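Report on the structure
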Amino acid sequence: MSKAFASQADLDDKKITFEQLSPHCWAYTAEGDPNSGVIIGDKFIMVSDATATPAMARDLIQQIRKVSDKPIKYVLLTHYHAVRVLGASAYAAEGATEIIASRGTLELIVERGAEDMQSEMERFPRLFRGADSVPGLTWPTLVVGDGKPGRQGSLEVDLGGVKVQIWHPGPGHTRGDTIAWVEEEKVLFSGDLVEYEAGVYTGDAQLEEWPATLEALRSLKAEYIVPGRGEAMKGNADVNKALDYTQRWVTTLFQAGKEAAAAGMDLKAAMAHTRKSMDPVFGHVFIYEHCLPFDVSRAYDEAKGIKNPRIWTAERDKEMWSALQA
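As a starting point, this report considers the structure included with it. (Residues numbered from 1 in each chain as written. Predicted model: local features only at pLDDT ≥ 70, side-chain atom pairs only at ≥ 80, totals over all residues. Heavy atoms only, no water.)

1. Observations concerning the packing of helix α5 (residues 236-262) against helix α6 (residues 267-282)
The test is simple: To obtain each axis, a line is fitted to C-alpha atoms, and for helices this fit is confined to the stretch in contact; angles are then taken between N-to-C directions over 0 to 180 degrees. The way it works is that DSSP assigns letters per residue, a run of H or I at least four long becomes a helix, a run of E at least two long becomes a strand, and they are numbered from the N terminus. Orientation categories follow fixed angle ranges, with anything under 35 degrees roughly parallel, anything over 145 roughly antiparallel, 65 to 115 roughly perpendicular, and all other angles oblique. Should the near helix be turned counterclockwise from the far one by less than a right angle, the crossing is left-handed, whereas a clockwise turn marks it as right-handed. Contact definition: two residues touch when any of their heavy atoms are within 4.5 Å. The classification used treats Ala, Val, Leu, Ile, Met, Phe, Trp, Tyr, Cys and Pro as nonpolar, Asp, Glu, Lys and Arg as charged, and all other residues, Gly among them, as polar.
Two elements in contact, α5 and α6, have axes separated by 8 Å at closest approach and are oriented at 160°. Overall, the two elements α5 and α6 adopt an arrangement that is roughly antiparallel. As α5 packs across α6, the resulting crossing turns out to be right-handed. Contact residues: Y245, R248, W249, T252, L253, A256, E259 and A260 in α5; A270, H273, T274, S277, M278, V281 and F282 in α6. Grouping the constituent residues of the contact of α5 with α6 by class yields nine nonpolar, four polar and two charged.

Next up, the structure:
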């Protein structure tokens, strides 16, 4: 029997947690759903990852307004995926004047943003309730860096009493991943570069480079991390647990993809081969069955030399799902 496509059967609401991690930093998490981060300064507020729709963003705004009436001036897009960015328009009424993204993220929006928007809306019906309120693609107003990894060309934003450093640490979840780092409080907002006890979506990933990017994040010695999915981690030991979890997923997946490609397997055989190493370790986590076929497809492609991920469309999604999850 075929499994329900992507997350179409996942319709139960999740418990929202909005917790303070440090004097200025907050985590908005929801039992494995996409997380957002909030940094509240004396003058301005920054939101990291805007949520999927304006309706969802309004729930986050409601949480913020319980603790601060400052303008939400900055919205950071950690990467281009629709489920992270299409709620951005809701912040305009709250004072947002700058939508920040890396050069790589801007390029990906241009290259495949429209296809990704349609694809993700069909994958995540619960997260895209109220999708008719989305005005279209979210475009950055402030672009950081030149596409090369590292702090050169980084942006520092002063929110009043707290400064936020923003840069592209390297490719991983996408080729444009961007982080927010509050150095004085040792809080890292990683986007989907890091996950914990949830599926790690790699359908648009750079798998070979991802582990090195995780090590660049580890070198920050963060005491708190708001990962893309999963609970906020507190204490450096638990931050490293999240980094280790993500690295194990990425390296296990890519090794299986390389083995499948070297053995001349077709994609369906590659899926079966990958399950042997992935299912026992990760099969229990949130959105595992959603992520795995997309992940296997990308690992197989990259192992065969396709460096720039192929664009996912709603049609390609369903063809792949029918082949691998029947």
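There is more to say after this.
2. Some details on the sheet that holds strand β1 (residues 17-20)
Let me state the cut-off plainly: Two strands pair if DSSP finds at least two bridges between them.
Strands sit in the order β1-β2-β3-β4-β5-β6-β7 across an open sheet of seven strands; the sheet is mixed. The open sheet has two edge strands with one neighbour each: β1 and β7 (142-144). The average undirected angle you get between the axes of adjacent strands in this sheet is 20°. Helix-sheet contacts for helix α3 (residues 103-123) involve β6 (98-102) and β7, and the interaxial angle to β6 is about 95°.

3. Digging into helix α8 (residues 314-324)
Definition in use: Each residue gets one of three labels from its accessible area relative to the maximum for its type: buried under 20%, exposed over 50%, partly exposed in between, using a 1.4 Å probe on protein chains only. This arc is built from the directions going out from the helix axis to the C-beta atoms.
Those residues of α8 that sit buried are A314, R316, D317, M320, W321 and L324. The arc enclosing the buried residues of α8, seen along the axis, measures out at 160°, which places them on a common side. Opposite the packed face of α8, turned more than 90 degrees from it, sit the exposed residues E319 and S322. Tucked into the core, α8 has its buried residues touching α3, α6 and α7 (288-303).

4. Here we look at the side chain of D295
The line we're drawing: Only four residue types enter the tally: Lys and Arg on the positive side, Asp and Glu on the negative side; His and the chain ends are excluded. Salt bridges are defined as contacts in which a side-chain nitrogen from Lys or Arg sits within 4 Å of a carboxyl oxygen from Asp or Glu.
Along the chain, the position of D295 falls in helix α7. The buried charged residue D295 lacks any salt bridge partner; its closest oppositely charged side chain belongs to R123, at an N-O distance of 7.9 Å. In this structure, D295 is in contact with V200, Y201, T202, G203, W249 and L253, ignoring residues within four places of it in sequence.

5. Description of the pattern of salt bridges
A full pass over the atoms with the stated rule returns 21 salt bridges. With a shortest N-O distance of 3.4 Å, R175 and E111 are connected by a salt bridge. One end of the pair, R175, is in the loop between β9 (163-168) and β10 (179-182); the other, E111, is in helix α3, with 64 residues separating them in the sequence. Residue R175 is classed as partly exposed on the basis of its relative accessible area, which comes to 23%.

6. Some details on the environment of F189
Tracing the backbone through its elements, the reader meets F189 in strand β11 (residues 187-191). Considered as a pair, F189 and V38 are 151 residues apart in the sequence and their alpha carbons are 9.0 Å apart. Dropping the residues within four chain positions of it, F189 is found in contact with C25, W26, G37, V38, I39, S48, I179, A180, V182 and V226.

7. Here's the deal with the environment of D158
Within the secondary structure layout, D158 lies in strand β8 (residues 150-158). C-alpha separation for the pair D158 and Y28, spaced 130 residues apart in sequence, amounts to 21 Å.

8. Re α3
How we decide: Here the bend at a residue means the angle between the axes of two seven-residue stretches, the one that ends at it and the one that starts at it.
Its axis deflected by about 70° at R112, α3 carries its strongest bend there. Those residues of α3 not exposed but buried are G104, T105, L106, L108, I109, R112, G113, D116, M117, S119, E120 and R123. Check the buried side of α3 and you find it contacts α2 (82-85), β6, β7, α7 and α8.

9. Describing the nonpolar core
Selection criterion: Within this scheme, the nonpolar core is defined by two criteria: the residues are buried Ala, Val, Leu, Ile, Met, Phe, Trp, Tyr or Cys, and they are joined through side-chain atoms within 4.5 Å.
Counting residues in each nonpolar core, the largest one holds 46 residues, and the members touching the most others are L188, V194, L207, W210, L217 and W249. Ranked by residue count, the leading element in this core is α5, at nine residues. When residues no more than four places from it in sequence are discounted, the contact partners of L217 are P169, I179, L188, L193, V194 and L243. Core analysis: the next-biggest nonpolar cluster, separate from the first, contains 30 residues, I64, L77, L86 and F124 among them.

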